[in-house]
Amino acid sequence: MRRSDAQTLDSRRGPVAPARRVDDLDRRIIEELQANGRESFRRIAARIGVSEATVRARYARLTQGGILQVVGVTNPLGLGFDQALVGVKTSGAPDAVADEIARWPEADYVVVTAGQFDVVVEVVAEDRRALLDLTNRMRALAGVVSTETFFYLEMWKQLYDWGTRKDA
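Residues numbered from 1 in each chain as written. Predicted model: local features only at pLDDT ≥ 70, side-chain atom pairs only at ≥ 80, totals over all residues. Heavy atoms only, no water.

**With respect to the environment of Leu159**
Among the structural elements, Leu159 can be located in the segment after strand E4 (144-151). Between the C-alpha atoms of Leu159 and Val73, which are 86 residues apart in sequence, the distance is 9.2 Å. (Helix = DSSP H or I, 4+ residues; strand = E, 2+ residues; numbered from the N terminus.)

Written out as structure tokens, the structure is:
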């Protein structure tokens, strides 16, 4: 998604904000929340040696700035949904296609890439028919040349605890 449009999308969908500087304290708070997103600010503050008010204020800044999102993550396959990764080739710059697909509630991950595909989209659909309808909608977009769908048969790993960059 283009950075200039990042704030126009529904924040529940996780728009990617421009890179911002975070300091060591921000990183420590993020890492604590990645270990346990339900941990109290009081316990986090005690572990990292700052006041609860400091953790609360930093959390608010990180979430409002689009750097941190604390959510319950599910396995869509385990809930009975169908899930797929769709590679999209475009005839020109992929921005308009990526912007449009990013607005769809079925798309939970949209990136512009280098390589065989211009846009890669992860989608969750109620069933295979809904997945077919979704890929047909993608194919009908102006600028889309082709799509390739990678249907998820089973999920082996899904983690969101990669930590933070120390040199940011």
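**Structural notes on the nonpolar core**
If you look at the biggest cluster of nonpolar residues, it comprises 19 residues, and the most contacted ones within it are Val88, Ile101, Val110, Val121, Val123 and Met138. Going through the elements one at a time, strand E1 (82-90), helix H4 (95-102), strand E2 (107-112), strand E3 (119-125) and helix H5 (128-139) are the ones with two or more residues in this core. Counting residues in each nonpolar core, the second largest holds 12 residues, with Leu25, Phe41, Ala45 and Ile48 among its members. (Core = buried A, V, L, I, M, F, W, Y, C linked by side-chain atoms within 4.5 Å. Buried < 20%, exposed > 50% of the residue type's maximum accessible area, 1.4 Å probe, protein only.)

**Examining the sheet that holds E4**
Overall, antiparallel pairing links the four strands, which are arranged E2-E3-E1-E4 in an open sheet. In the strand order of this sheet, the two ends are held by E2 and E4, each with one partner. Between one strand axis and the next, the sheet turns by 20 degrees as a mean value, whatever way the strands run. As defined by bridge partners, E1 adjoins E4 across seven bridges and the pair is classed as antiparallel. Pairing of Lys89 across the sheet is with Ser146, part of E4. Each of E1, E3 and E4 is contacted by H5, which is oriented at about 155 degrees to E4, the strand it contacts most. (Pairing = 2+ DSSP bridges. Axes fitted to C-alpha atoms, helices over the stretch in contact; angles between N-to-C directions. Contact = heavy atoms within 4.5 Å.)

**Let's talk about the pattern of salt bridges**
Considering all chains together, one arrives at 11 salt bridges under this definition. Between Asp133 and Arg129 there is a salt bridge, with its nearest N and O atoms 3.1 Å apart. One end of the pair is Asp133 and the other is Arg129, both in helix H5 and four residues apart, which spans about a single turn. A relative accessible area of 53% means that Arg129 is categorised as exposed. (Salt bridge = Lys/Arg side-chain N within 4 Å of Asp/Glu carboxyl O.)

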